[in-house]
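Here's the letter readout for the chains.
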Amino acid sequence: MNERVAVEALTEDQARDELGRLADILARANTAYHGDDAPEMSDADYDAFKQRNAAIEARFPHLKRADSPSDQVGADPVEAFGKIRHAVRMLSLSNAFEAEDVVDFDRSIRSYLNLKADAPLAYTAEPKIDGLSLSLRYEAGRLVHAATRGDGVTGENVTANARTIDEIPTRLTDAPEVLEVRGEVYMSHADFEALNARQTDRGQKTFANPRNAAAGSLRQLDAAITKARPLRFFAYAWGEVSAPLADTQMQAIDRLGALGFAVNPLTRLCRSVDEMIAHYRRIEDQRATLGYDIDGVVYKVDDLALQQRLGFRSTTPRWAIAHKFPAELAWTRLDGIDIQVGRTGALSPVARLHPVTVGGVVVSNATLHNEDYIAGRGAKGEEIRGGKDIRVGDWVQVYRAGDVIPKVADVDLSKRPEEAEPYRFPDTCPECGSPAIREEGDAVRRCTGGLICPAQAVEKLKHFVSRGAMDIEGLGAKQVEAFYHDDHLPVTEPADIFTLRARDAENLSKLANRDGWGETSAKNLFQAIDEKRIIPMARLMFGLGIRHVGEVAAEDLARHYGGWAAITTALDAARPAALAHRAADEAAEAERQVAQDEGRRARVSDARNAALAEADIPPRAAEAWADLINADGIGPVMALSLSDAFANDHERAAIDRLVAELTEIEPPESRATDSPVAGKTVVFTGSLEKMTRAEAKARAEALGAKVAGSVSAKTDLLVAGPGAGSKAKKAAELDIETIDEDGWLTLIGDA
DNA sequence: GTGCCTCGAGTTCC
DNA sequence: CTCGAGGCAC
């Protein structure tokens, strides 16, 4: 396989020959695999052949054979990379931009661990490589797969490509039975420039920066191309390990080095924040001469036992932080301001810039957030950019926040054209002309058109098919938008997606005969849609795109109600209470206004209570409402938003039409953790000696328990340390099980 | 009522 | 990735 010609360099004749050969090889491999017990080809080779076949077909679509292996079951040229679920999640890091943030980081760690300010606590400091992270899984010392970070939970299988990287060993000696090594794939400056020169010679497109070159090279369908690209790898972390690597981060890195991985030579042990900052400055000084891109310095708590105690927040470890270098800045001219309309109707201004290079990328658009951001003055009169507003024609300073999102940092007033006028933010929707209203206290202005507004309707549909929601293969944002405007097969609401197949069957002009479509792709689309007729309840809930209900809230709701019928019934029952609470909020707001005008103190809660009393809410409604807003993670704002969506005739009818198309709405998996405290409500009281309060809470929650602050009838377990007072007494009165700290540690198996 | 922390919704470029 | 805002603990 190694002496194969890169797909990019194949002639048409060669490609035709090779497609024939690959069809043959893969067909035989399939027979061998399904017929015998002993497949003649390794999975890795099989994948590599299949990927190469797909890559050649992608370059010469007209050469695709009728018996193409891409069309066989389980093969999909678009999804050439399989998915791999990480055994241990790949998280991102929280960021520090100032030395002060690093001081805060150290302080919060000490507070979490209950360490005094002068107690010894060491950190490692290492350059943060600007590449892409990769997880390498070794079993019995052999590389079994390599996966990109993806969304942190599931990544793409790039094993065949990773194997071609010299600095990634395919075999390890003296390694734990299972070892996941994590690190960064990158390209050096010299190799990047040589690659771009070669690309230019061949008349192919060049890369904007080494990171893009590395990412592009790793994601090649054809591993032969990856092999020809000089990628490198630094190891700096690990995922699942069957035996501990070491006791400290520093030792673990040394161990990875001993196993044959490249580890960064600038990794240092620091014993204070001052030493960390000093090392940061040293690395910053060397930045230009390192020969590869870095974008900051990463600090990690050195002691691995402490790392374990610190654990994780939702998406980041508590024990590490990235100290970023200041972002690169560039000046350019603001050519115009456009308004985009999102799925909630939010009008978002976008700056159209005279293209300028910032941090190795040409930027021509930048976010302007909202009306106040352009005006340079917030709702409460506070200054933004020193109070300077932004006008079309201005010279503006641009940077990429987090090295990604372009933003406008400053305006050069001395270069402002005389005729430049303050930007007038539209008060009607540019897409549908409906009034655009800014609610009191809100930063955003929203189109009031609802689904009448084509922009909102399309964005809502895009959200419906997005990754966290229906996630229909072959039906992305682009296709949905096309179908929305389609004359023969229009899709204007979610239910329409599920009637596509039936409508296409009745149409004279078939989808399969259109440009860009064929028998196979139409068949695949309909099949992918049908697969989603069985959908987890939380995905459906999220997909509806109800304001304030995101992925997490949807999951919370599904858990709380346990089924689709239960939630619709509850929302219908709670409707009178929802209306009464909205009226009460309005009464309270009115009172606040009146009181302000009259210069007296507002009696907000009195006004609210009076309104509620007057509303005379039926008990069943009050109960359903209370149950809803007391659900975990759900408050009055989300509850009202949900109630509105389900009570609105049009919206409800659309939801019901959608549900009628579905086969099954799967109830959420009950969180059946094996821990004895899963699902229990636990209260900690008294002083804890082996852990801090924050730690105990985080640990209990990780095991599926709920931690409350006070003892009530809902409490299942009280953990009482020395000095426990009223809470222990109350628990005794309520006959609630009470144990001490050691008892708790034994119970959860941490003793 | 105040101050975290987490979540939602917005955005760019390849 | 960041900002604003909702939820919740103090």
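Only a predicted model underlies this, so the values are computations on that prediction, with no experimental measurement involved.

## A few points about the packing of helix α19 (residues 564-598) against helix α20 (residues 604-615)
How two helices sit against one another is set out by the angle between their axes and by the gap between those axes.
So, point 1. Two elements in contact, α19 and α20, have axes separated by 8 Å at closest approach and are oriented at 145°. Every pair of crossing elements has a handedness; the one defined by α19 and α20 is right-handed. Note on element contacts: α20 touches α19 through V604, A607, R608, A611, L612 and A615, opposite A580, H581, A584, D585, A587, A588, E591 and R592.
So, point 2. The residue inventory of the contact of α19 with α20, partitioned by class, reads 9 nonpolar, 1 polar and 4 charged.

## Here we look at the side chain of T148
So, point 1. Relative to the helices and strands, T148 is located in strand β5 (residues 142-148).
So, point 2. Residue class for T148 comes out buried when judged on its relative accessible area of 9%.
So, point 3. Reaching out from T148, the side chain makes a polar contact with the backbone nitrogen of E156 at a distance of 2.9 Å.
So, point 4. Contacts of T148, omitting those with residues within four sequence positions, involve H86, M90, S133, L134, G155, E156, V158 and L218.

## Focus on the packing of aromatic side chains
So, point 1. Here the structure, examined in full by the defined rule, presents 10 aromatic pairs.
So, point 2. Here the aromatic rings of Y138 and F261 are separated by 5.8 Å at their centres, their planes lie at 80°, and the arrangement is edge-to-face. Taken together, the residues Y138 in strand β4 (residues 132-139) and F261 in the loop between α8 (249-258) and β9 (268-270) connect sequence positions 123 residues apart. By the burial criterion, Y138 is buried, and F261 matches it.
So, point 3. Between Y186 and Y292, the ring centres sit 5.4 Å apart and the planes meet at 55°, which makes this aromatic pair tilted. Separated by 106 residues along the polypeptide, Y186 in strand β7 (residues 178-186) and Y292 in the loop between α9 (273-286) and β10 (294-301) bring together distant segments of the chain. Taken individually, Y186 and Y292 each receive the classification buried, so the pair is uniform in this respect.
So, point 4. Members of the aromatic cluster, joined through ring pairs, are Y138, F233 and F261.
So, point 5. The aromatic ring of Y373 is capped on one face by R385, whose charged end is 4.8 Å from the ring centroid.
So, point 6. Between the NZ or CZ atom of K415 and the centre of the ring of W395, over which it lies, the distance is 4.9 Å.

## Some points on the protein's contact with DNA strand B
So, point 1. With respect to spatial proximity, 24 residues lie near DNA strand B, and among them Q340, R343, T344, S348 and I405 are the closest.
So, point 2. Considering the 4 Å shell around the protein, atoms of DNA strand B inside it are sugar or phosphate in 93% of instances.
So, point 3. R343 is positioned such that a nitrogen or oxygen atom in its side chain is 2.6 Å from a phosphate oxygen of DNA strand B.
So, point 4. N365 has a polar side-chain atom sitting 2.9 Å from a phosphate oxygen of DNA strand B.
So, point 5. At the level of secondary structure, the elements contributing two or more residues to the surface near DNA strand B comprise β13 (347-358), β14 (361-367), β16 (405-412) and α18 (551-561).

## As for the sheet that holds strand β8 (residues 232-241)
So, point 1. Taken in spatial order, the 4 strands make up an open sheet running β5-β4-β7-β8, and their pairing is antiparallel. This sheet does not close on itself; its edge strands, each paired only once, are β5 and β8. The mean inter-strand angle of the sheet, taken between neighbouring strand axes irrespective of direction, is 25°.

## Structural notes on the protein's contact with DNA strand C
So, point 1. Taken together, 17 residues surround DNA strand C, and among them K407, D442, A443, G633 and G635 come closest.
So, point 2. Counting only atoms of DNA strand C within 4 Å of the protein, the fraction found in sugar and phosphate groups is 100%.
So, point 3. Contact between DNA strand C and A443: a phosphate oxygen at 3.1 Å from a main-chain N or O atom of the residue.

## Comments concerning the packing of helix α21 (residues 619-629) against helix α22 (residues 636-647)
So, point 1. The interhelical angle for the contact between α21 and α22, taken along N-to-C directions, is 125°, at an axis separation of 9 Å. The angle between α21 and α22 places the two elements in the oblique class. Considering only the axes of α21 and α22, their crossing is right-handed. Contacts between α21 and α22 involve W625, L628 and I629 from the former and P636, A639, L640 and L642 from the latter.

## Side note on the domain arrangement of chain A
So, point 1. Domain annotation for chain A reports domain 1 (7-80), domain 2 (94-324), domain 3 (329-437), domain 4 (450-532), domain 5 (539-666) and domain 6 (681-747).
So, point 2. Of the residues lining the interface, 15 residues belong to domain 4; the matching set on domain 5 comes to 12 residues.
So, point 3. For the pair domain 4 and domain 5, the two sides together bury roughly 1,200 Å², of which 61% comes from carbon and sulfur.
So, point 4. Put simply, domain 4 and domain 5 have 2 salt bridges between them.
So, point 5. Linking E651 and K460 is a salt bridge whose minimum nitrogen-to-oxygen distance equals 3.6 Å.
So, point 6. At the boundary of domain 4 and domain 5, one finds 4 residue pairs in polar contact (both at pLDDT 80 or more).
So, point 7. Among the secondary structure elements, those contributing two or more residues to the side of domain 4 that touches domain 5 are α12 (454-464) and α14 (494-498).

## Observations concerning the sheet that holds β10
So, point 1. What the 5 strands build is an open sheet, ordered β2-β11-β10-β3-β9; its pairing is mixed. Each having just a single partner strand, β2 (94-96) and β9 make up the two edges of the open sheet. Looking at each pair of strands side by side, their axes are set apart by 35° on average, direction ignored.
So, point 2. The strands that α9 touches are β3 (123-129), β9, β10 and β11 (320-324); relative to β10, the one it contacts most, it runs at about 155°.

## Re helix α16 (residues 519-531)
So, point 1. Taking 1.5 Å per residue as the helical rise, α16 with its 13 residues ought to reach 18 Å, and the 18 Å between its terminal C-alpha atoms agrees with that figure.
So, point 2. Taken as a whole, α16 has its buried residues at A522, L525, F526, A528 and I529. Down the axis of α16, the buried set is contained in an arc of 160°. They therefore lie on one face. α16 presents E519, K523 and E531 as exposed residues on the side facing more than 90 degrees away from its buried surface.
So, point 3. Where α16 is buried, its residues meet α13 (477-484), α14 and α15 (500-506).

## What to know about the nonpolar core
So, point 1. By size, the foremost hydrophobic cluster in this structure holds 63 residues, and its most contacted members are I497, M541, L557, W564, L642 and F646.
So, point 2. With 8 residues, α19 is the largest single contributor of residues to this core.
So, point 3. Each of domain 4 (450-532) and domain 5 (539-666) accounts for three or more of the residues forming this core.
So, point 4. If we ignore the near neighbours within four places in the chain, the residues touching L642 are M541, I546, V549, L557, L571 and L628.

Calculation notes
- Residues numbered from 1 in each chain as written.
- Chains lettered and ligands numbered in written order.
- Predicted model: local features only at pLDDT ≥ 70, side-chain atom pairs only at ≥ 80, totals over all residues.
- Heavy atoms only, no water.
- Axes fitted to C-alpha atoms, helices over the stretch in contact; angles between N-to-C directions.
- Helix = DSSP H or I, 4+ residues; strand = E, 2+ residues; numbered from the N terminus.
- Left-handed = near helix turned anticlockwise from the far one by under 90°.
- Contact = heavy atoms within 4.5 Å.
- Nonpolar A, V, L, I, M, F, W, Y, C, P; charged D, E, K, R; others polar.
- Buried < 20%, exposed > 50% of the residue type's maximum accessible area, 1.4 Å probe, protein only.
- Polar contact = N/O pair within 3.5 Å; in protein donor to acceptor, adjacent residues only side chain to side chain.
- Phe/Tyr/Trp six-rings, centres within 6.5 Å; stacked < 30°, edge-to-face > 60°.
- Lys NZ or Arg CZ within 6 Å of the ring centre and 35° of its normal.
- Near = heavy atom within 4 Å.
- Pairing = 2+ DSSP bridges.
- Parallel < 35°, antiparallel > 145°, perpendicular 65-115°, else oblique.
- Domains from an automatic or database assignment.
- Buried area = accessible area lost by both parts, 1.4 Å probe.
- Salt bridge = Lys/Arg side-chain N within 4 Å of Asp/Glu carboxyl O.
- Expected span 1.5 Å × (residues − 1).
- Arc of directions from axis to C-beta.
- Core = buried A, V, L, I, M, F, W, Y, C linked by side-chain atoms within 4.5 Å.

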